[in-house]
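Structure at a glance
Letter by letter, the chains look like this.
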Amino acid sequence: MSHETTQRRANYLGIFIILIVLTLVETLVSYVQQEAIKFPVLVVLSVIKAVLVLLYFMHLKFDSRVYTYLFIAGCVLAIPLILVMTIVMPVIARYH
Amino acid sequence: MSEVINTAPVSQDDNTKVGMWVFLGGEVVFFAALILIFLLSRLVHADYSAQFRSHLSIPIIALNTFILVTSSYFIVRALEAISHGEGKGLRNNLFVVIVLGLMFLSGQAFEWTSLFKEGVTFSTAFGMPFFTVTGIHGTHVFVGVLWAIYLLVSHRRIPYTQENHLGIENFGLYWHFVDIVWIVLFTLIYLI
């Protein structure tokens, strides 16, 4: 059990408040009509929220790097799948 | 916040935690495929997609997102409590997580029921991927709630301690991951 690592904790309440504020901002931004602004802002906010949860709530920032590598391995494995599906799915849809 | 980077190897006691991270890595691939199917079907059926989106209620889903993010915070509090040997704190925070998980599922059930009433069903081109993605995520939340109940019950029989609470930590990892998936789905399905 990684006692030293879990004891080296972050300001969880602070992270939680940031997550709530970002969710509120996202919700408000979703009502913006300009897609050129809305899309990148929402994607960036979503990524920031996901990374905050990974780093602080899931302790990747403090735990052994092995866990980070395992998670990144999953993300890397998803890339060829995404590429193949992006190519194949529209082709299949065209014939339906 | 500490800037210390831990490069220490994983201890043998953490085997189940390694297993949990391997599982979560696999879940990334699984959800990536599901989300991609949803996005591609949205691109292919652009007209239907716009029509469908008019049925979605952003405020209700935003509330559901607040609920799930809050539940993640309470899991962290549960882990904090037991790392300090506070069994009562663990119990109370786990109970809140269960309640919040059930509230999230109720919100989703309300959303689905509203959509069914408006004629959006599984058999529609956009409904099928929507219900599949949100349904599988909801199933993960349901499994998480059952898991939390199990932890609460098992804690009554054999209490978790300051030294032995890996079961809580592994559950926390699972629950946070489910939260992350929802953060992504909230943006891709409802906001964009």
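Further up the page is the structure itself.
Okay, so let's go over this structure.

**Brief notes about unusual backbone geometry**
A positive phi angle, near 65°, is found at histidine 59 of chain A, a position not held by glycine. What makes histidine 59 of chain A buried here is the crowd of 24 C-beta atoms within 10 Å.

**A look at the interface of chain A and chain B**
Every contact between the two is made by 46 residues of chain A and, on the other side, 45 residues of chain B. Elements with a contribution of two residues or more to the side of chain A that touches chain B: helix 1 (3-7), helix 2 (12-29), helix 3 (35-57) and helix 4 (65-94) of chain A. Broken down by element, the side of chain A that touches chain B gets its largest block of residues, 16 residues, from helix 4 of chain A. Partitioned by chemical class, the residues of the side of chain A that touches chain B number 29 nonpolar, eleven polar and six charged.

**Side note on the packing of helix 2 of chain A against helix 3 (residues 58-83) of chain B**
Contact geometry for helix 2 of chain A and helix 3 of chain B: axes closest at 10 Å, N-to-C directions at 170°. By the angle between their directions, the pair helix 2 of chain A and helix 3 of chain B is classed as roughly antiparallel. Contacts from Tyr12, Phe16, Leu19, Ile20, Thr23 and Thr27 of chain A in helix 2 of chain A reach Ile58, Ala62, Thr65, Phe66, Val69, Tyr73 and Val76 of chain B in helix 3 of chain B. The residue inventory of the contact of helix 2 of chain A with helix 3 of chain B, partitioned by class, reads ten nonpolar, three polar and no charged.

**A closer look at helix 6 (residues 166-191) of chain B**
Since one α-helical turn is 3.6 residues long, residues separated by three or four positions face the same way. Given a rise of 1.5 Å per residue, 26 residues ought to cover 38 Å, and the 36 Å separating the end C-alpha atoms of helix 6 of chain B matches this to within 8%. Across the 26 residues of helix 6 of chain B, 21 count as buried, placing the element largely inside the fold.

**Focus on the packing of helix 3 of chain B against helix 6 of chain B**
All names here are of chain B. Helix 6 packs onto helix 3 with a crossing angle of 160° between their chain directions and a minimal axis gap of 10 Å. By the criterion of interaxial angle, the relationship of helix 3 to helix 6 is roughly antiparallel. Our pair here, helix 3 against helix 6, has a crossing hand that is left-handed. Along its contact with helix 3, which presents Ile58, Ile61, Thr65, Leu68, Val69, Ser71, Ser72, Ile75, Ala78, Leu79 and Ile82, the element helix 6 presents Ile168, Glu169, Gly172, Trp175, His176, Asp179, Trp182, Phe186 and Tyr190. For the contact of helix 3 with helix 6, a count of residues per class yields 13 nonpolar, five polar and two charged.

Calculation criteria
Residues numbered from 1 in each chain as written. Chains lettered and ligands numbered in written order. Predicted model: local features only at pLDDT ≥ 70, side-chain atom pairs only at ≥ 80, totals over all residues. Buried ≥ 20, exposed ≤ 12 C-beta atoms within 10 Å, placed from the backbone. Contact = placed C-beta atoms within 7 Å. Helix = DSSP H or I, 4+ residues; strand = E, 2+ residues; numbered from the N terminus. Nonpolar A, V, L, I, M, F, W, Y, C, P; charged D, E, K, R; others polar. Axes fitted to C-alpha atoms, helices over the stretch in contact; angles between N-to-C directions. Parallel < 35°, antiparallel > 145°, perpendicular 65-115°, else oblique. Expected span 1.5 Å × (residues − 1). Left-handed = near helix turned anticlockwise from the far one by under 90°.

From the geometry alone we can't say anything about function, so treat these as descriptive.
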